[in-house]
Amino acid sequence: MRGPLRLVIDTDTASDDAVALLLAVRTPGVRIEAVTTVAGNVPLPRASRNALVTLEFASAGNVPVHPGCERPLLRPLETAVHVHGADGMGGAPLPEPTGTPAREHAVDALLRLARDRGAELTLVALGPLTNIAAALIRDRQLLDRFRHVYCMAGAADACGNISATAEFNVWADPEAAAIVCDAAACETVTWIGWDASRHDAVMTPDRQRRLCDLDTPLARFAHRVNRSVDHWATEVTGLPGYDLPDPLAMAVALNPSLVRRAETAHVRVATGDETRGQILVDRRRTAAPANLTLVRRVDSDGFEQMLLDACA
Ligand code: RIB
Ligand code: CA
């Protein structure tokens, strides 16, 4: 009998991250061992606060939230409050968290957990990879110590959301993403990109109605916190509703059988001005050995069912 799936979740907690946390809390057989927060969608204090309030709202129990890096490795922090709202949660009326962040820094927590318990832990990264990269600088074997590493990162088709060709998490800290790519092996590191989300995790009006028809506090929470993203999706990225990239990445981590198409390739990250954050996927026969598994398509109906089950 296999034990629970034990997760460490690194997040820049805004609206879709919150739904991903909710999915992890509410999926049977899953235990969140720790959450680490990173600046990205919102500044670090807000990311930590949103993580605490989401975990409490979902009755997660005693999950430590370790604050991490408050800015990218080299660049100034550029948030996505224009996408997620100033609070990152679509302005939803949420209580103040009762808990407080852990004293241990996220990077120290990641290094300790990987060293002491990595073989039983799955790392799921939902924001810029700053904490992971900072940990890799101190322990180059970090990624290999985990059972598996899933990242919501990149756009394998170079169709971007934050720029014409870049996905936000990689764009926000491209040097951190490059460090992760440099240390990764495709057997242990899987990226679920915005291309998969754009195709298989869009909350169309029908899906939004099915979610709201559940009429539960969690369903109302999941829908309400995405109010700002819904506006961005329909007005800027031209989708028929808000998409859920982090919950899609989380769903793949919880249930890899949802993957419908994936590829392995050697991936590098562009750090120049024009191409900042674009992932360069080398599919040539002469390419360097594959360092990432890229999930391209996911069972969209299966994903929706996981979300509905979690919010029921
Ligand atoms: O590009 C989508 C990613 O950027 C998601 O993780 C979202 O939360 C933002 O961090
Ligand atoms: Ca995120």
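These figures come from a predicted structure and were not determined experimentally.

Q: Let's hear about helix α2 (residues 44-57): which residues, and what values?
A: For α2, spanning 14 residues, the distance from its first C-alpha to its last is 20 Å, which sits close to the expected 20 Å at 1.5 Å a residue. Most of α2 sits inside the fold, with 10 of its 14 residues counted as buried. The set of residues buried in α2 consists of Leu44, Ala47, Ser48, Arg49, Asn50, Ala51, Leu52, Val53, Thr54 and Leu55. Looking at the packing, one finds that the buried side of α2 touches α1 (15-26), β2 (30-37), β3 (65-67) and α11 (217-224). Looking at the residues trailing α2, positive phi occurs at serine 59, about 55°.

Q: Could you give me a rundown of the coordination of the calcium ion (ligand 2), with the residues and numbers involved?
A: Protein coordination at the calcium ion (ligand 2): the donors are Asp12 (OD), Asp17 (OD), Asp17 (OD), Leu126 (O) and Asp246 (OD), at 2.2 to 2.7 Å from the metal. Read N to C, the donor residues that coordinate the calcium ion (ligand 2) are spaced as D-x4-D-x108-L-x119-D. Taken together, the residues aspartate 17 in helix α1 and aspartate 246 in helix α13 (residues 245-254) connect sequence positions 229 residues apart. Comparing aspartate 17 with aspartate 246 shows no difference in burial state: the two are buried.

Q: I'd like to hear about the packing of α1 against α11, residue by residue, with values.
A: Remark: α1 packs on α11, axes separated minimally by 9 Å, with the N-to-C direction vectors making an angle of 155°. Relative to α11, the element α1 lies roughly antiparallel. Pair α1 / α11 crosses with left-handed handedness. Between α1 and α11, the contacting residues are Ala18, Val19, Leu22 and Arg26 on the first element and Leu218, Phe221 and Ala222 on the second. When its residues are assigned to classes, the contact of α1 with α11 shows six nonpolar, no polar and one charged.

Q: Pulling in residues and values, what's your account of the sheet that holds strand β1 (residues 5-11)?
A: Spatial strand order, β3-β2-β1-β4-β5-β6-β9-β7-β8: nine strands in an open sheet with mixed pairing. Each edge of the open sheet is held by one strand with a lone partner, namely β3 and β8 (279-282). Neighbour to neighbour, the strand axes of the sheet diverge by 30° on average, direction disregarded. Sheet topology places strand β7 (residues 259-269) next to strand β9 (residues 292-298); six bridges connect them, and they run antiparallel. Among the inter-strand pairings, glutamate 263 is bridged to a residue of β9, identified as leucine 294. Contacts from α1 reach β1 and β2, with the element oriented near 150° to β2.

Here is what the cut-offs are and how they apply
- Residues numbered from 1 in each chain as written.
- Chains lettered and ligands numbered in written order.
- Predicted model: local features only at pLDDT ≥ 70, side-chain atom pairs only at ≥ 80, totals over all residues.
- Heavy atoms only, no water.
- Helix = DSSP H or I, 4+ residues; strand = E, 2+ residues; numbered from the N terminus.
- Expected span 1.5 Å × (residues − 1).
- Buried < 20%, exposed > 50% of the residue type's maximum accessible area, 1.4 Å probe, protein only.
- Contact = heavy atoms within 4.5 Å.
- Donors = N, O, S within 2.8 Å, 3.2 Å for Na, K, Ca; no water.
- Axes fitted to C-alpha atoms, helices over the stretch in contact; angles between N-to-C directions.
- Parallel < 35°, antiparallel > 145°, perpendicular 65-115°, else oblique.
- Left-handed = near helix turned anticlockwise from the far one by under 90°.
- Nonpolar A, V, L, I, M, F, W, Y, C, P; charged D, E, K, R; others polar.
- Pairing = 2+ DSSP bridges.

By themselves these figures say nothing about function.
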